Amino acid sequence: MSVAHRTLECPVFSQLLPKKSKSRAREHFGLPANESGQIVSEDIAVCKLCRSPVSAKSGTSSNLFGHLRLHHPLKFSEVSNKSKVVTATVQYSPFCAAVDESIDEPQPHSNMAVSESNQFNFVDNHRHKRQKFTTDFQRLDDQTSKRTTDSVTKFLVCIMQPYNLVDRKEFLNMVKVLNPRYSLPGRKHFTATAVPKLYNEVRDKIRQELSLINKDTISVTTDCWTSIANTPYITITVHFITLEWALKSACLACAHFDDDHNGKNMLKF
């Protein structure tokens with residue numbers, strides 16, 4: 001990463017004014033202005049999220065997108081999905097080379113002066129250059145997306161989470177932060193496709209493993225209980241030792257059991 005030794009100074013301001021622009025990135029930036037509403041600099045845009053100054057000479061928004069991508073990835077994902085400029089770049093130039101773009105970034109130890117009226121004067125000590133690839137805006141390939149969805153499915157099943165978790169705002173935000181390029185399927189996909197598919201795979205795996213075991217070394221246990229919702233259940237579990245002498249257990253069934261919990265009815269089941 002190359003560093004250009006140039007200081008970005010932001011004049012003292014008391015408010016941020018919007019600038020008319022078609023760029024979605026401008027929604028999160030404002031022009032510094034004094035108390036009377038007069039703009040003090042049109043070459044600098046101040047981030048409304050972190051109050052950091054970003055160079056915006058000639059009205060360009062490239063640096064604004066870069067700032068959001070580095071420091072506010074969730075907001076960057078939102079504006080890039082809505083931006084016609086970004087969509088056109090991905091649609092018509094999927095094979096273009098990397099774009100070398102200069103971006104002003106606030107440093108963790110940037111000098112900050114506070115006036116008597118609590119106005120801020122930001123000084124950016126460094127200017128970083130990095131490369132931005134068009135793949136940053138593209139969706140994941142099918143194979144990677146499938147592996148990610150399978151991982152979410154196992155998460156729901158193994159710790160017994162409700163299906164509606166994938167529709168909750170907090171969970172969706174977490175997924176976007178972890179990988180903004182991943183599109184999480186809705187609840188119906190997990191109930192109708194993902195979980196039944198995982199069930200069939202696990203069932204076939206257990207059948208294959210039991211077919212290799214001596215039937216005399218297999219034990220079966222069962223248990224009946226009533227839930228706090230007063231719903232009766234029965235569970236059947238198989239226990240066996242593998243050819244590598246590893247003790248394993250597998251749940252074969254967990255079903256509604258409305259009859260009396262006695263040996264005669266359990267035998268019929």
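Residues numbered from 1 in each chain as written. Predicted model: local features only at pLDDT ≥ 70, side-chain atom pairs only at ≥ 80, totals over all residues. Heavy atoms only, no water.

Per an unreviewed UniProt entry, the protein goes by T-complex protein 1 subunit delta and derives from Trichonephila clavata.

1. Here's the deal with the overall build of the protein
If you tally the helices and strands in the protein, you get seven helices and 13 strands. Within the protein, contacts between residues separated by at least 24 positions form 49% of all contacts whose residues are at least 6 apart in sequence. (Helix = DSSP H or I, 4+ residues; strand = E, 2+ residues; numbered from the N terminus. Contact = heavy atoms within 4.5 Å.)

2. Digging into the pattern of salt bridges
What the rule picks out here adds up to six salt bridges. Lys146 is the partner of Asp150 in a salt bridge, and the nearest nitrogen-oxygen pair spans 3.1 Å. Of this pair, Asp150 and Lys146 both sit in helix H4 (residues 142-158), four residues apart, roughly one helical turn. Residue classification places Lys146 among the partly exposed residues on the basis of a relative accessible area of 45%. (Salt bridge = Lys/Arg side-chain N within 4 Å of Asp/Glu carboxyl O. Buried < 20%, exposed > 50% of the residue type's maximum accessible area, 1.4 Å probe, protein only.)

3. Things to note about a nonpolar patch on the surface
Together, Ile241, Trp245 and Leu247 give the surface a local cluster of nonpolar side chains, amounting to about 420 Å² of exposed area. Along the chain, the position of Leu247 falls in strand E13 (residues 247-256). (Patch = residues over 30% accessible without salt bridge, like charges linked within 9 Å, V, L, I, M, F, W, Y side chains within 5 Å. Areas by Shrake-Rupley, 256 points an atom, 1.4 Å probe, with all protein chains shown as cover.)

4. Concerning the pairing of strand E11 (residues 219-226)
Pairing geometry for E11 and strand E12 (residues 232-241), over eight bridges, is antiparallel. Looking across to E12, one finds that Thr226 is bridged to Pro232. In this antiparallel pair of consecutive strands, E11 and E12, the connection spans five residues, and Asn230 shows a positive phi of 65°. (Pairing = 2+ DSSP bridges.)

5. Looking at the confidence of the model for the protein
Residues with a pLDDT of 70 or more make up 76% of the protein, whose mean pLDDT is 76. Below a pLDDT of 50 lies the segment residues 1-6, which in the model reaches 15 contacts outside its immediate sequence neighbourhood of four places, other chains included. Under a pLDDT of 50 for its full length, residues 84-134 has, in the predicted model, 115 contacts with residues more than four places off or in other chains. (pLDDT = per-residue confidence, 0-100.)

6. Here we look at the sheet that holds E11
Overall, antiparallel pairing links the three strands, which are arranged E11-E12-E13 in an open sheet. Only two strands of the sheet have a single partner each, and these edge strands are E11 and E13. Across the sheet, the mean angle separating the axes of adjacent strands is 20° when strand polarity is ignored. Across nine bridges, E12 lies against E13 in antiparallel orientation. When the sheet's bridge partners are listed, His239 is paired in E13 with Ser249. (Axes fitted to C-alpha atoms, helices over the stretch in contact; angles between N-to-C directions.)

7. Side note on unusual backbone geometry
Even without a glycine there, the phi angle at Arg51 is positive, about 60°. Inspection of the secondary structure puts Arg51 in the loop between strand E5 (44-47) and strand E6 (53-55). Positive phi, normally seen in glycine, also occurs at Trp245, with a value near 60°. By secondary structure assignment, the location of Trp245 is in the loop between E12 and E13.

8. Structural notes on the side chain of Asn265
Relative to the helices and strands, Asn265 is located in helix H7 (residues 263-268). When neighbours within four sequence positions are excluded, Asn265 is seen to be in contact with Phe257, Asp259 and Asp260.

9. Regarding the sheet that holds E6
Taken together, the four strands give an open sheet; going across it, the order is E3-E4-E5-E6, and neighbouring strands pair in antiparallel fashion. The open sheet has two edge strands, strand E3 (15-17) and E6, and neither has a second partner. Averaged over all pairs of adjacent strands, the angle between their axes in this sheet comes to 55°, without regard to strand direction. As paired elements, strand E4 (residues 29-33) and E5 share two bridges and run antiparallel to each other. Within E5, the position partnered with Gly30 by the bridge is Val46. Across the sheet, helix H1 (residues 62-71) lies against E4, E5 and E6, angled at about 135° from E6, the strand it touches most.

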